[in-house]
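Observations on chain architecture
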Amino acid sequence: MRLFHTSDWHLGQNLHGQERDFEHACFLDWLLAQLKLHGPDVLLIAGDIFDTVNPPLKAQERLYDFIISAHEQNPKLTLVMIAGNHDSGSRIELPAPLMRRLRTHALGRVLWLDDGQLDAERLLIPLPDAKGKTAAWCLALPFLRPAEVTGAHLGDDYLRGIGQVHEGLIAAANAKRKKGQALIAISHAHMAGGSVSEDSERSLIIGNAEALPAKLFDKSVAYVALGHLHKPQKVNGEERMRYSGSPIPLSFSEIGYKHQILDVTFQGERLVGVEPLLIPRSVNLQRLEAAPLADILKALADLPDIDLLADTQRQPWLEVRVRLDEPQPDLRQQIETALQGKAVRLVRIAAEYAGKRGEDNNDERLIELDQLTPQELFSRAWLESYGNEVDEQTLKDFAVLLQEVQQADEQP
Ligand SMILES: [Mn+2]
């Protein structure tokens, strides 16, 4: 039994206004070729399939085209995908009846039965091997929003609610499986101890309350395919508990990651190997680190010139950081002029100013709005208005309101 584990595709993402569709198309072509080459039994996509709850049509076409192509090419492949915190759970599930015909299972929500028990049945997916025999069970844990795991008979403790879902599902899976069948979990969550990227993983809840303890997955679970963190990594050094990471860098802070999918092998109920398959980078992200304007202009002049025969879609995305003593109204113009005829695509200019408020304040920098998370902005506004730090409870309430706003577009 062999599976591929991937996550955080963020189809439809744009980088400061620039579409990533070409990069996603290159990744999906590569993935199809890997499926053909290695012929795994299962493909797991651990959430954040789309970048937003209302993804552009082109992004939806990418996903469904891929599923159909994968099925036509590898007719015995089972595909399981779950919603992440960027996805709409109901949107992911919407075409489920069609997708089942393509051996594809899409889980976006957890449901509770009338007696208050978790509806575990719909979250347990049999994974057949090449001969069609159930070789393993997949436990699907879509990203759980507070409203799904709290309430009347569940109580209002988010972490406890999450714990109940895990316990209920693992118990149901253990009751169901036969000897020799592996348990494989797929989950979109922030596990405690994971390392986070600078600015692209939208906070799940807030502070440390959002990080889940690894012990939620007891040893009966042979492998945990995780999504949410964009850097590929093991959780607490455990071989069986992994983030595959995103297939493309979703922000300039992710340039250094070795983007990959994981090729995971089982013998009976035992995990026997995990091998990364490195994804070729179709478009580079390039960042010029903060320097005075004169140095930056010189560095820009040294960039390679456009090759008229080369594919413009493969030109690197460029972020330029400039250190300034005072505002420079024609900054963008100077940079754009320096970039004329250069084989890069400018996506962002970040200006940093040396602080002017006294000698001790030389490190104070002006921060741009898009460098702040909504929580940070709220905290700063609170401090400025009331003169004291915002308290935990208010921050939590703010996080709940924020989630409501972020989902406001979502269809019921
Ligand atoms: Mn993500």
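What you see is a predicted model, and the numbers here were worked out from it, not measured in a lab. (Residues numbered from 1 in each chain as written. Predicted model: local features only at pLDDT ≥ 70, side-chain atom pairs only at ≥ 80, totals over all residues.)

**Focus on the environment of Arg-91**
Rule in force here: To qualify as a helix, a DSSP run of H or I must reach at least 4 residues; to qualify as a strand, a run of E must reach at least 2; elements of each kind are numbered from the N terminus.
Tracing the backbone through its elements, the reader meets Arg-91 in helix α3 (residues 89–93). Placed 38 residues apart in sequence, Arg-91 and Val-53 show a C-alpha to C-alpha distance of 7.7 Å.

**A word on the domain arrangement of the protein chain**
The condition that has to hold: For the domains described, the bounds stem from an automatic or database domain assignment. We call two residues in contact if the C-beta atoms placed from their backbones are at most 7 Å apart. Residue polarity is assigned by list, with Asp, Glu, Lys and Arg as charged and Ala, Val, Leu, Ile, Met, Phe, Trp, Tyr, Cys and Pro as nonpolar; anything else, Gly included, falls into the polar class.
Split into domains, the protein chain comes out as domain 1 (2–278) and domain 2 (285–371). Inter-centroid distance (C-alpha atoms) of domain 1 to domain 2 is 37 Å. Opposite the 8 residues of domain 1 that make contact, domain 2 presents 9 residues. A breakdown of the residues in the side of domain 1 that touches domain 2 according to their chemical character gives 5 nonpolar, 2 polar and 1 charged.

**Some thoughts on the nonpolar core**
Keep this limit in mind: In these notes, a nonpolar core means any group of buried Ala, Val, Leu, Ile, Met, Phe, Trp, Tyr and Cys residues linked to one another through C-beta atoms within 7 Å. Three exposure classes are used, based on other C-beta atoms lying within 10 Å of a residue's own C-beta, which is placed from the backbone: buried for 20 or more, exposed for 12 or fewer, and partly exposed in between.
Judged by nonpolar contacts, the single largest core of 76 residues is most densely connected at Leu-44, Leu-139, Ile-184, Ala-185 and Ile-186. Top contributing element to this core by residue count: strand β8 (residues 134–141), with 7 residues. Those residues within four positions of Ile-184 in sequence are excluded, and the remaining contacts are Leu-127, Ala-136, Cys-138, Ala-222, Tyr-223 and Ala-225. One finds Phe-252, Leu-300, Trp-317 and Val-322 within the second-largest nonpolar core, a separate group that totals 11 residues.

**Overview of the pairing of strand β16 (residues 317–324)**
Defined as follows: By the convention used here, strands pair only if DSSP detects at least 2 bridges between them. Seen with the strands pointing away from the viewer, any crossover whose path from the first strand over the helix to the second strand runs clockwise is right-handed.
Both strand β15 (residues 285–292) and β16 contribute to a ladder of 6 bridges, which runs parallel. Bridge pairing in β16 places Leu-288 opposite Val-320. Note that the unit made of β15, helix α7 (residues 293–301) and β16 has a crossover that is right-handed. By the bridge criterion, 8 bridges tie β16 to strand β17 (residues 345–353) in an arrangement that is parallel. Within β17, the position partnered with Glu-319 by the bridge is Arg-348.

**Let's talk about the sheet that holds strand β14 (residues 270–278)**
Put simply, the rule is: To get an axis, fit a line to the C-alpha atoms, keeping to the stretch in contact for a helix; angles then go from 0 to 180 degrees between the N-to-C directions.
What the 6 strands build is an open sheet, ordered β6-β5-β4-β1-β13-β14; its pairing is mixed. Single-partner strands in this sheet number two, and they are β6 (104–107) and β14. Shown here is a sheet whose adjacent strand axes are inclined to one another by a mean of 20°, direction ignored. Two strands pair when backbone bridges link them, and strand β4 (residues 42–45) and strand β5 (residues 78–82) are joined in this way by 4 bridges, in the parallel orientation. Looking across to β5, one finds that Leu-44 is bridged to Val-80.

**Focus on the sheet that holds β15**
What the 3 strands build is an open sheet, ordered β15-β16-β17; its pairing is parallel. In this open sheet, the two strands that pair with only one neighbour each are β15 and β17. Averaged over all pairs of adjacent strands, the angle between strand axes in this sheet comes to 15°, irrespective of strand direction. α7 rests against β15 and β16 of the sheet, and its axis sits at about 145° to β15. Here helix α8 (residues 331–338) sits on the sheet and contacts β16 and β17; the angle it forms with β17, its principal contact strand, is near 140°.

**Focus: the confidence of the model for the protein chain**
Put simply, the test is: Confidence scores per residue from the predictor, reported as pLDDT, run from 0 to 100.
Per-residue confidence for the protein chain gives a mean pLDDT of 88; residues scoring 70 or more make up 90%. At the level of individual helices and strands, the protein chain shows its lowest average pLDDT in helix α5 (residues 146–149), which scores 78, and its highest in β4, which scores 98. Scored below 50 in pLDDT, residues 356–364 makes 6 contacts in the model with residues more than four places away or belonging to other chains.

**Things to note about helix α2 (residues 57–73)**
Keep this limit in mind: The span one expects for a helix is its residue count, reduced by one, times 1.5 Å. Each direction from the helix axis to a C-beta atom contributes to the arc, which is the arc of those directions.
Between its terminal C-alpha atoms α2 stretches 24 Å, which fits the 24 Å expected from 17 residues at 1.5 Å a residue. Every buried residue of α2 is accounted for by Ala-59, Arg-62, Leu-63, Phe-66, Ile-67 and Ala-70. Looking straight down α2, one finds that the buried residues subtend no more than 120° of arc, so they occupy a single side. Facing away from the buried surface of α2 by more than 90 degrees, the exposed residues are Leu-57, Asp-65 and Glu-72. Where α2 is buried, its residues contact α1 (21–38), β4, β5, α4 (96–100) and β6.

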